[in-house]
Amino acid sequence: MRLLRFLAVISLLLLPEIGRACYYPWYYCSSPALYRVEQIDESAVESKKMANLRDWQQMTSLDIPIDDIERVVYSMTLEEYEALCAVEHYTGSNMFARWIKENDPAIMEFLLLAKRNEFVRFSYNSLWYYPTMKVGGPMTLEEIIDVSLNTKDERLRSRYMLQAMRAMYTLCRYDECIELWEREFESRPMEDTMRRHAYLYIAGALYHTGEVDKAIDMYAEAGDINSILYIAQLEGLDISKVELLERLYRNNPNNPTILERVVNIVYEEEGPIFFRENGYENHVLSNNSRELLDMSLRLASEGRDVAIWYYTAAYIYYLEGRLYDADRTLMLAEHSHKSPFMSESIEVLRIIIDAHTAKLDKRYEQRLLKQLTWLEEKNYAYIDGVDMNYTSSVSFYVFPTGLYYWKSSMQYLINEILVPRYQEAGNGVRALQLANYSSYFLLRPNTSIHESYYDSDNYEWIDMGYDTLNDYRHFIYGFNALDYSTFFFSVVDTSDIDDVLAYVEGANTPNGELERLLNRGSYLDRDFLYDIAGTHCLRNMRYAEAEHYLNEVDYYYSNYGLNVSQKYDPFEFERVRKTSGDFRLDFAREMASLERAMDNATNSNVRARYMIRYAIGLKNSFTRCWELTHYYDGYVPHTYDTHSWWSDAHTKATIGKANAMVQEALSIIDDRELAAEMHYMFGNFRTVALDYPDTYYGDIVRTQCDHLNDYDGHCLDKHWW
Amino acid sequence: MRQRLFYFVSAVVILLLMSSSRHVDSGGGAISVQQHENPTNAIYHWKTVFNPSAEELAFIERHDIGRLYIKMFDVACVKDSIEPYNVVPAPIATTRFDASIPEGVEVVPTVYITLEALRLMEGYECAYAEMIVDRLLAMVSYNECGEIREVQFDCDWTESTIDIYTALTDHAHSYLHTLDKELSITIRLHQLDDDYWPIADRGVLMLYNTGAIKNPSTRNSILDITDVMPYLRRITYMDDRMPLDYAYPTFGWGVKFRDGEFHSIVSDPASATLGEGETLRVERPTVEEVLTVKSWVEENLGGVYQSNIIYHLDDEELKNYTDDEITQIFSRN
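Glancing now at the packing of helix α15 (residues 287-301) of chain A against helix α16 (residues 306-320) of chain A. All names here are of chain A. Put simply, α15 and α16 touch, their axes get as near as 8 Å, and they point 145° apart. For the crossing formed where α15 meets α16, the hand is left-handed. Along its contact with α15, which presents Ser 289, Arg 290, Leu 292, Leu 293, Met 295, Ser 296, Leu 297, Leu 299, Ala 300 and Ser 301, the element α16 presents Val 306, Trp 309, Tyr 310, Thr 312, Ala 313, Ile 316, Tyr 317 and Glu 320. Partitioning the contact of α15 with α16 into residue classes produces 12 nonpolar, four polar and two charged.

We now examine the pattern of salt bridges. All names here are of chain A. Inspection of the entire model under this criterion finds 55 salt bridges over all chains. One salt bridge connects Arg 98 with Glu 102, and the closest N-O pair in it is separated by 3.8 Å. A residue pair is termed a helical-turn pair when its members lie 3 or 4 positions apart in one helix, as Arg 98 and Glu 102 do in helix α5 (residues 95-103) at four residues. Residue classification places Arg 98 among the partly exposed positions, given a relative accessible area of 30%. Put simply, Glu 184 and Arg 157 hold a salt bridge, and the shortest N to O gap is 2.6 Å. Within this pair, whereas Glu 184 is found in helix α9 (residues 174-185), its partner Arg 157 is found in helix α8 (residues 157-170), the two being separated by 27 residues in sequence. On the basis of relative accessible area, Arg 157 is assigned to the partly exposed category, the value being 21%. The network of salt bridges with shared partners includes Glu 246, Arg 250, Arg 298, Glu 302 and Arg 304.

This next bit is on the pairing of strand β14 (residues 308-311) of chain B. Residue and element names in this part refer to chain B. Residues Asn 308 and Ile 310 of β14 are buried on one face, and the alternating residues Ile 309 and Tyr 311, pointing to the opposite face, are buried as well. As defined by bridge partners, strand β1 (residues 41-45) adjoins β14 across three bridges and the pair is classed as parallel. For Tyr 44, the partnering residue across the bridge sits in β14 and is Tyr 311. Taken together, the four bridges between strand β10 (residues 244-249) and β14 define a ladder with parallel strand orientation. Bridge pairing in β14 links Tyr 248 to Ile 310.

Bringing the confidence of the model for chain B into the picture now. All names here are of chain B. Confidence in the prediction of chain B, expressed as mean pLDDT, is 84, and 84% of residues score 70 or more. Every residue in residues 1-34 scores below 50 in pLDDT, and together they form 40 contacts with partners more than four places removed in sequence or on other chains. Interface confidence for the predicted complex, expressed as ipTM, amounts to 0.73; the pTM equals 0.59.

Ile 113, Ile 132 and Phe 153 of chain B are the most contacted members of the largest nonpolar core, which has 300 residues in total. Considering every element that reaches this core, the biggest residue donor is α16 of chain A, with 12 residues. With near-sequence residues (within four places) excluded, Ile 113 of chain B lies in contact with Val 75, Leu 118, Met 121, Ile 132, Phe 153, Asp 154, Cys 155, Tyr 165 and Leu 168 of chain B.

This part takes up the packing of aromatic side chains. Residues and elements named next belong to chain A. For the coordinates displayed, the defined rule picks out 44 aromatic pairs over all chains. Between the aromatic rings of Tyr 523 and Phe 528, the centroid separation amounts to 4.8 Å while the plane-to-plane angle is 35°, which identifies the pairing as tilted. Ring-pair connections join several aromatic residues into one group, and the members of that group are Tyr 440, Tyr 484, Phe 488, Phe 489, Tyr 503, Tyr 523, Phe 528, Tyr 631 and Tyr 632. One residue, Arg 526, lies across the ring of Tyr 530, its end atom 4.2 Å from the ring centre. Arg 575 extends its terminal NZ or CZ atom over the ring of Tyr 568, reaching a point 5.3 Å from the ring centre.

Next up on the list: the pairing of strand β11 (residues 253-258) of chain B. As a general feature of sheets, a regular strand has side chains that alternate between the two faces. Residues and elements named next belong to chain B. Of all six residues that make up β11, five are buried, and the element is covered over most of its length. In terms of strand pairing, β11 meets strand β13 (residues 278-283) through six bridges, oriented antiparallel. Considered in β13, the bridge of Gly 254 is made with Val 282. Two elements, β11 and strand β12 (residues 261-266), share five bridges in a ladder whose sense is antiparallel. Of the residues in β12, the one forming a bridge with Gly 254 is Val 266. Following β11, the chain reverses through two residues before pairing antiparallel with β12; Asp 259 in that reversal takes a positive phi of roughly 50°.

Calculation criteria
- Each chain carries its own residue numbering, running from 1 in the direction its sequence is written.
- Lettering for chains starts from A, numbering for ligands starts from 1, and both go in the order in which the items are written.
- Where local features are concerned, this predicted model is filtered to residues with pLDDT of at least 70; where side-chain atom pairs are given and counted, the filter is 80 or more; whole-chain, interface and lining totals use all residues.
- Note that the side-chain values use all heavy atoms of the structure and ignore hydrogens as well as water.
- Orientation is described by lines fitted to C-alpha atoms, with helices fitted over the stretch in contact, and by angles between N-to-C directions that extend from 0 to 180 degrees.
- The secondary structure listing takes helices from DSSP runs of H or I that are at least 4 residues long and strands from runs of E that are at least 2 residues long, numbered from the N terminus.
- Two helices crossing with the near one rotated counterclockwise from the far one by less than a right angle form a left-handed crossing, whereas a clockwise rotation gives a right-handed crossing.
- Two residues qualify as a contact provided that any one of their heavy atoms is within 4.5 Å of a heavy atom in the partner residue.
- Polar here means any residue other than Ala, Val, Leu, Ile, Met, Phe, Trp, Tyr, Cys and Pro, which are nonpolar, and Asp, Glu, Lys and Arg, which are charged; Gly is therefore polar.
- A pair is scored as a salt bridge if a Lys or Arg side-chain nitrogen falls within 4 Å of a carboxyl oxygen belonging to Asp or Glu.
- Each residue's exposure class comes from its accessible area (1.4 Å probe, protein chains only) as a fraction of the maximum for that residue type: buried when under 20%, exposed when over 50%, partly exposed otherwise.
- Note on pairing: DSSP must find at least two bridges between two strands before they are called paired.
- On a scale of 0 to 100, pLDDT captures the predictor's confidence in every residue.
- In this text, buried Ala, Val, Leu, Ile, Met, Phe, Trp, Tyr and Cys residues form a nonpolar core when linked through side-chain atoms within 4.5 Å.
- When two rings of Phe, Tyr or Trp (its six-membered ring) have centres within 6.5 Å they constitute a pair, described as stacked for plane angles under 30 degrees, edge-to-face for angles over 60, and tilted for the intermediate range.
- Our definition puts a charge over a ring when NZ of Lys or CZ of Arg is within 6 Å of the ring centre and also within 35 degrees of the ring normal.

What follows is the structure, given as structure tokens:
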């Protein structure tokens, strides 16, 4: 069985996200990355269902657990309930079932009617349903209505009336629904459970009888924005989502669905920006966001939840790229009365805006130190509270999966704002320091990670259980899918070599508090960094320096710690298999040696031999033996913006240089046998046959090939030119 | 002369042959003579609750009514409960059974289909035919209406909807036959001279609601012999038409007009109050009018196939007619 260590450090649970993460390298999350408002906990508002269960508890016995009531009232099917009705003595463990069976036949009877009602109503979705057999009780909605309306049980009256209303609604008898509401429910207290249950039926009935405005008002009062939008769509009413939100908010600011909707609008706006589809600058806001901005400013100026709405407006300005307006509006939020929760959200946005607008000087970096320290604390506090069963994947810490507000804030600040700004300002080292910190600040050496292997023969993932991060790095047997696919790696892989070398050289000698903070959160493994430095040198033909750095890389790491390995001998013109643990170091040494030999050679033929070997090595290091100069040749899971180095200018120039060196080498050879050998190796058979017919290789070409024209140019199996 | 004699004798023979099986209509056209099959008196029940009063039960017994045409539900346009922006044909006004069917009375479950619903069935006639029949039979079964031999569809089809209705009844007819049951349909006067009728085993000619109710100049919208006669005179060929039963009105109402415009139907005109500018047209066919129409119909269309049917079972209406008058209406030639 062939196991591919294709992607070894992801949780199986997170596979779907992994796939998408490849295409959306940055923010993939199910909630806004940078927008955070204090939402009302819906669970704190007792649901109608819970209120109903409590009513049943009050009506029966406070000793009966709510779960038991829930089981009978909501979960039990009609069939199960009929069986309960049929048994003479209940022997089960459900206390509610026992109570009503032994003490309260009226409730038994009512629940039977209610369950039949739901059963028939469900069946009635076809509108054509009609039962075919009597079962000893009402089985049509008409009968259920009749029985319910004629109940003599005052204790259960409102419950019977609700059943009647449900059946009437299903039968489209909306006028009767409304009459029943006016007669039985309207005068009850707002918090009455049965009234709350009946409320939305009435809103629906009003709509069906043409009372659209009344229906919308009732839905608004109930906070049911979905129904309002639905009606608006049906009626062709020009009511925007935000307009409704404002209407709901003014009606009941504590309606938990309002901020939930606001968050959704912001989330929809964030997506295209953070997925870099359009970019952050000159982003055109959607109509919803534009209206939300106006609404936020309007509500804040009226003194309603000022911090929330100015913060919201500031964030929308930010999304639009209007930094000045965002800054000014956020200031208003900062100066308003705010909860500790909103203070934090406002502070994060302030940090983001500051990162965009500040001059990158010492004063800013002093602020940045505090800001990063604070964000780090918030991140750690959050992580400590997370259920590790869901966060054991290293993806949670490093990659976009498992993104949450504090992590996305930190990583957005660094990855999207500070790194590009520092690079633009010419401070590539600081950019690398920040990138490293951003990628690794949440990881700890004993972080448990989940390993999975892809068995390409059987097309299945194989769960290999858990490891610590440390163990993973040391026993990965040649495919480190973690460290060579982080944001830091993408930055360091594409940075200028001098910045990379400066960063690597100074990595363990931090200068100042900010660097100490960044270093504390960074992955500064010497093998890891020196291998990167050496590889950059190989890529830039700085072989002596490459030798220096690669010489510092542990042999074990070179063998097993990378995500690539050697396949072919780089100095062979033909494809010749070769594997070596220190393949980069070996190559660096040989190339450095050849450089020295070329410089020192006095004989042109000898020099030409060195030049040709060097040129072959150089070209192969960007083609067949690309592992010498790169860590990937195409797709790499999780890699941020995989760089297409195959076709970049540097690669083209380097290959051009190798070709030129070959031409030059061939031109300086004055030994005819050597010249014929070299031309033969490069497939220049016509040249060999015409210019060197008297040589060993000239003889081969002449005697084996009758038609010299066939060999003009290159040979099919010698891909050089 | 010999030739004339031949023609005369031939004509007499033909007429004699026809007289044994046919009536001659007033216009000289041929009409069918209907076979009496399961002959019995019949009555419509057109309320949403089946709970006949003692008087109504006594009426059924006294007049030996053997067949009840019970309207089970209407099929109308209803907003779909799942997708309210969709309007779909669906049952409404389903009759509730608060009483058992009187013993010995055959039930013909009947459905009224609105034109709007019929239009929506276009293209789906087969499916709706089965849904309607299945629901009728489910109601019959659930409400213990006894053995059913016939199902009736009632629809005021028009020229533009006859094809849809024909497709609907065609499939219902075939479907019912697989269940060993038959289909009847109602036919209104204005449909009598249509080129063809929807497919069914038999029909019920509705001899009421013959006039334009909203027209102030209408004398009696329930039954006016001057409205009926033109239709009957136009009927000339009944050979290939289905056998017919006849339904006669035994009800009345008031039609209120306000400032010359139709306003409403008043079920109890005796106690109606009229405001300024309001007039009330009291409509109730006299038994003489009903019997006149009956004789004309039988003369023109032939005797009834199974039953003369009265519309409808409501003691408040029926008490306006004597037993003798009812008997005359029920009488079959």
